[in-house]
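What the coordinates show
Chain residues, written in single-letter form:
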6 protein chains.
Amino acid sequence: MPYVNIRVAGTLSKEQKAEISAGVTEVITRVANKPANSVLIFIDELPHENIASAGQLLQPPAK
Amino acid sequence: MPYVNIRVAGTLSKEQKAEISAGVTEVITRVANKPANSVLIFIDELPHENIASAGQLLQPPAK
Amino acid sequence: MPYVNIRVAGTLSKEQKAEISAGVTEVITRVANKPANSVLIFIDELPHENIASAGQLLQPPAK
Amino acid sequence: MPYVNIRVAGTLSKEQKAEISAGVTEVITRVANKPANSVLIFIDELPHENIASAGQLLQPPAK
Amino acid sequence: MPYVNIRVAGTLSKEQKAEISAGVTEVITRVANKPANSVLIFIDELPHENIASAGQLLQPPAK
Amino acid sequence: MPYVNIRVAGTLSKEQKAEISAGVTEVITRVANKPANSVLIFIDELPHENIASAGQLLQPPAK
């Protein structure tokens, strides 16, 4: 506790996941006065075609 | 905002995902008076063996 | 199964919840070929100040 | 209804998923007086590097 | 880690929440070989009218 | 997109919610190269007795 779920389209590198986790944990522990060791983060990476905005599936980025 | 999460057993085709996303967005924007461009939908496709009903794992459909 | 979670800012009337539930269930059962009686929907109504877009909390609608 | 979501790091065998589903359904139906056939469970298996505790990504278990 | 989310219609007593939490944690730690102190459970209690099955809102229990 | 769900025990002030939202959005947009206006955050505040760690309900903080 606290629990954080981050859901993104596409994939993140392990370095991005580590940096996001460290940064989000720092923000929550500092602002909400929660001990850092209580923050649990789950990151979900979904294919672009599994996410829709405004009723339209996301397009994968051009290569 | 609004956020919608749809979780199904097995897989959906891209066409099914597009049609569900368009239909669900239409319903929510019409009934709840939310702008369509604010509706965000995430679709999760899980293996049948990761879902249980009445304490029993779902069986995959016969081929 | 399927499971649907709809999260909105502010409140919906019981009539809106009923109409959204009926409509979303119709879309999913028709497009994904799932039996209607298997569709489970949970609607979460959150205060505007518990939702942020672009890093800013949502403003409640003017009265 | 009720809906249960279980999220773990790494993978579970089909036998573990079946046993967890049966056990969790038994607990909820017994304690909360809900009919067993109404309990719906979704199990998410995430890579260790998609979960962080105390701001650090989980390490996969040594082989 | 693991994270468990239990969502029910109506309310549970504190005793029911405690007994469900103890029971679910016991099942997961025993079957999945996870340390008990790593299991985090969040229980959401929703009004019956915020849950729909088969396209119909749940009815609250008769008093 | 991305979608972030933050779940805490107890309540946060509006100022804390604003600061957490701004900070988390900054981290994700900077590290994952996502446009800030695409980050959607939902904050859930739960009673302590609805959260369990290690099979025990959380105790509310002493006054």
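Residues numbered from 1 in each chain as written. Chains lettered and ligands numbered in written order. Predicted model: local features only at pLDDT ≥ 70, side-chain atom pairs only at ≥ 80, totals over all residues. Heavy atoms only, no water.

Some remarks on the sheet that holds strand β4 (residues 56-57) of chain B
Heads up, the rule is: Note on pairing: DSSP must find at least two bridges between two strands before they are called paired. Helix and strand assignments follow DSSP, with helices taken as H or I runs no shorter than four residues and strands as E runs no shorter than two, numbered in order from the N terminus. Any two residues whose heavy atoms approach within 4.5 Å at even a single point are treated as in contact. Under this scheme, a helix contributes an axis fitted over its contacting stretch, all axes are lines through C-alpha atoms, and angles between N-to-C directions fall in the 0 to 180 degree range.
Read across the open sheet, the 8 strands follow the order β4(B)-β3(B)-β2(D)-β1(D)-β1(E)-β2(E)-β3(F)-β4(F); overall the sheet is mixed. The sheet terminates laterally at β4 of chain B together with β4 (56-57) of chain F, the two strands that pair on one side only. Lying over the sheet, helix α1 (residues 14-32) of chain D contacts β3 (51-53) and β4 of chain B, β1 (3-9) and β2 (40-46) of chain D together with β1 (3-9) of chain E, oriented at roughly 140° with respect to β2 of chain D. Those strands touched by helix α1 (residues 14-32) of chain E are β1 of chain D, β1 and β2 (40-46) of chain E together with β3 (51-53) and β4 of chain F, and its axis lies near 140° from that of β2 of chain E.

Some details on the UniProt feature "domain: 4-oxalocrotonate tautomerase-like" (unreviewed entry) in chain A
Spelled out, the test is: UniProt positions are given in the numbering used here, feature names are shortened, and annotations may be inferred rather than shown by experiment.
In the numbering adopted here, UniProt assigns the feature "domain: 4-oxalocrotonate tautomerase-like" (unreviewed entry) to residues 2-57 of chain A. Secondary structure content for residues 2-57 of chain A is 34% helix and 34% strand, and the end C-alpha separation is 31 Å.

What about the interface of chain A and chain F?
Rules: Here the quantity called buried area is the accessible surface, traced with a 1.4 Å probe, that two parts lose on coming together, added over both. Whenever Lys or Arg places a side-chain nitrogen within 4 Å of a carboxyl oxygen from Asp or Glu, that contact is recorded as a salt bridge. Distance and chemistry together define a polar contact, namely a pair of N or O atoms within 3.5 Å, with one atom able to donate a hydrogen and the other to accept it when in protein, and with adjacent residues in sequence counting only for side-chain atoms on both sides.
Taken together, the contacts link 23 residues of chain A with 23 residues of chain F. For the pair chain A and chain F, the summed buried surface comes to about 1900 Å²; carbon and sulfur atoms form 72% of the total. In this structure, the connection of chain A to chain F is made through 2 salt bridges. Connecting chain A to chain F are 9 residue pairs in polar contact (both at pLDDT 80 or more).

Regarding the relation of the copies chain A and chain F
For clarity, the cut-off: Each copy is superposed on the other by least squares, with the fit set by C-alpha atoms of residues at a pLDDT of at least 70 in both.
Overlay of chain A on chain F (RMSD 0.0 Å): rotation 180°, translation along the axis 0.0 Å. Interpreted geometrically, this transformation is the action of a two-fold axis. Looking at chain A, 100% of its interface residues are interface residues in chain F too, so the copies touch through the same face.

Things to note about the interface of chain B and chain D
Interface size is commonly expressed as the accessible surface area that is lost when the partners come together. Listed by partner, the interface residues are 10 residues for chain B and 17 residues for chain D. Across the chain B to chain D interface the summed buried area is about 1200 Å²; carbon plus sulfur atoms make up 51%. When the buried surface of chain B facing chain D is broken down by residue, R7, N50 and L57 of chain B rank first, second and third, together holding 42% of it. Our count for the chain B to chain D interface comes out at 2 salt bridges. Between chain B and chain D we count 8 residue pairs in polar contact (both at pLDDT 80 or more) in total. The element contributing the most residues to the side of chain B that touches chain D is β3 of chain B, with 3 residues. Looking at chain direction, β3 of chain B and β2 of chain D are connected through 3 bridges and run antiparallel. Along β2 of chain D, the bridge assignment pairs I51 of chain B with F42 of chain D.

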